[in-house]
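Coordinates in review
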Amino acid sequence: ANLLLLPAFLLALLIGTPRHKLVKNLFVFGSIVSMIWLAFLSYTILRSYAPVAVGGPLDSVDKTLVYISGSELRPGFPADIHFYVDRLEAHTSLFSKNFLYLAVPIRLLGALTLFKSQRNAAIFLAAAFLINFLFFSFYAVSDYFTMPTPSDYIFSIWIGCGLAFLSRVQPVNEKTLELASVVFCIALVMLQVRGQLSARVERSNTFPVTELVLFALDEFPGDAIVISRWERYAPM
């Protein structure tokens, strides 16, 4: 997700920089990114003296690049176009549902308002949102819907911009508007929690998984190292 932000930074830099300063700013930007990259590479060299969870010691450039990219864990991107169409439709629906649908038109209003007032920031956020949303929509893993990504946070920023715009255009008493905004936000949170409440209460009062895992771990020697698949890690 951090690497996916780089194209958005670069796009905002290219659009928002005067031509006579473009080369200088690109050089500064490239230098900062390079220093961060070199610092990480230096860290991985130090870490190569200790074993890592996946892939063995980082004692070569190839192993370091594989570890950084996670390519040995990546499920890849299927060749079937129907997968992308279905996943995009499902993720869009889920994304809208998570924001209770009502926030979607407010987000569109906020994005438009931001574009009119701060074009460069709006382009950066739009690019970062689009890149992250599409990447995680098309990422071929079954638990993609559990991943909070920069898209969620950017969407929230747009909602804030939309609410700020509405608060400026409404000719009402400032205190009344402030109270209405607080009530509105609390109501949104309550609506979102309402659908999850029964399942969360049931889960918080259910112990078989915990008891089973504790019993299983007791069977291991005290100095044992347990390697678990990801989907089984959370209950452990």
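Structural notes, computed from the coordinates.

Conventions and cut-offs
- Residues numbered from 1 in each chain as written.
- Predicted model: local features only at pLDDT ≥ 70, side-chain atom pairs only at ≥ 80, totals over all residues.
- Heavy atoms only, no water.
- Patch = residues over 30% accessible without salt bridge, like charges linked within 9 Å, V, L, I, M, F, W, Y side chains within 5 Å.
- Areas by Shrake-Rupley, 256 points an atom, 1.4 Å probe, with all protein chains shown as cover.
- Salt bridge = Lys/Arg side-chain N within 4 Å of Asp/Glu carboxyl O.
- Helix = DSSP H or I, 4+ residues; strand = E, 2+ residues; numbered from the N terminus.
- Buried < 20%, exposed > 50% of the residue type's maximum accessible area, 1.4 Å probe, protein only.
- Expected span 1.5 Å × (residues − 1).
- Contact = heavy atoms within 4.5 Å.
- Phe/Tyr/Trp six-rings, centres within 6.5 Å; stacked < 30°, edge-to-face > 60°.
- Lys NZ or Arg CZ within 6 Å of the ring centre and 35° of its normal.
- Polar contact = N/O pair within 3.5 Å; in protein donor to acceptor, adjacent residues only side chain to side chain.
- Core = buried A, V, L, I, M, F, W, Y, C linked by side-chain atoms within 4.5 Å.
- Axes fitted to C-alpha atoms, helices over the stretch in contact; angles between N-to-C directions.
- Left-handed = near helix turned anticlockwise from the far one by under 90°.
- Nonpolar A, V, L, I, M, F, W, Y, C, P; charged D, E, K, R; others polar.

What about a nonpolar patch on the surface?
Taken together, W37, L38, F40, Y43, V61 and L65 make up a surface patch of nonpolar side chains, about 590 Å² in accessible area. Mapping V61 onto the fold places it in helix α3 (residues 61-69). V61 sits in the exposed class, given a relative accessible area of 61%.

Brief notes about helix α6 (residues 119-138)
Taking 1.5 Å of rise per residue, the 20 residues of α6 would be expected to cover 28 Å, and the 28 Å separating its terminal C-alpha atoms lies within 8% of that figure. Residues of α6 that are buried in the fold lie against α1 (5-16), α4 (81-98), α5 (103-117) and α7 (150-169).

Regarding the packing of aromatic side chains
Under the defined criterion, the tally for this structure stands at 12 aromatic pairs. Taken together, a centroid distance of 5.3 Å and an interplanar angle of 40 degrees make the contact between F95 and F99 tilted. Exposure remark for F95: the relative accessible area of 7% places this residue in the buried category. For F99, a relative accessible area of 16% corresponds to the buried category. Ring centres 5.1 Å apart and planes at 75 degrees place the aromatic pair F95 and F155 in the edge-to-face group. Placement of F95 in helix α4 and of F155 in helix α7 is noted, with a sequence separation of 60 residues between them. Three or more aromatic residues joined by ring pairs form one cluster here, namely F95, F99, F129, F133, F155 and W158. A cation over a ring is seen here: R107 above F129, with NZ or CZ 5.5 Å from the ring centre.

What about the side chain of T17?
On the secondary structure map, T17 appears in the loop between α1 and α2 (19-47). Of the residues examined, T17 reaches a relative accessible area of 12% and is grouped as buried. Here L13 takes part through its backbone oxygen, which lies 2.5 Å from a polar atom of the side chain of T17.

Some remarks on the nonpolar core
F129 and W158 are the most contacted members of the largest nonpolar core, which has 20 residues in total. At the level of elements, α1, α5, α6 and α7 are the ones that each hand at least two residues to this core. Counting residues per element, this core draws most heavily on α6, at 7 residues. When sequence neighbours within four positions are dropped, the list of residues in contact with W158 reads I106, R107, G110, A111, L114, L125, A126 and F129.

Things to note about the environment of F155
Using a relative accessible area of 4% as the deciding quantity, one classes F155 as buried. Spatially, the C-alpha atoms of F155 and V104 are 8.7 Å apart, while their sequence positions differ by 51 residues. Among all residues touching F155, those that are not within four sequence positions of it are F95, F99, A103, V104, R107 and F129.

Digging into the packing of α6 against α7
Relative to each other, α6 and α7 sit at 145 degrees, their axes nearing to 8 Å. The interaxial crossing formed by α6 with α7 has left-handed handedness. Residues L125, A126, A128, F129, N132 and F133 of α6 touch α7, and the partners they reach there are P150, S151, I154, F155, I157 and W158. For the contact of α6 with α7, the residue count by class is 10 nonpolar, 2 polar and no charged.

These values are about where atoms sit, not about what they do.
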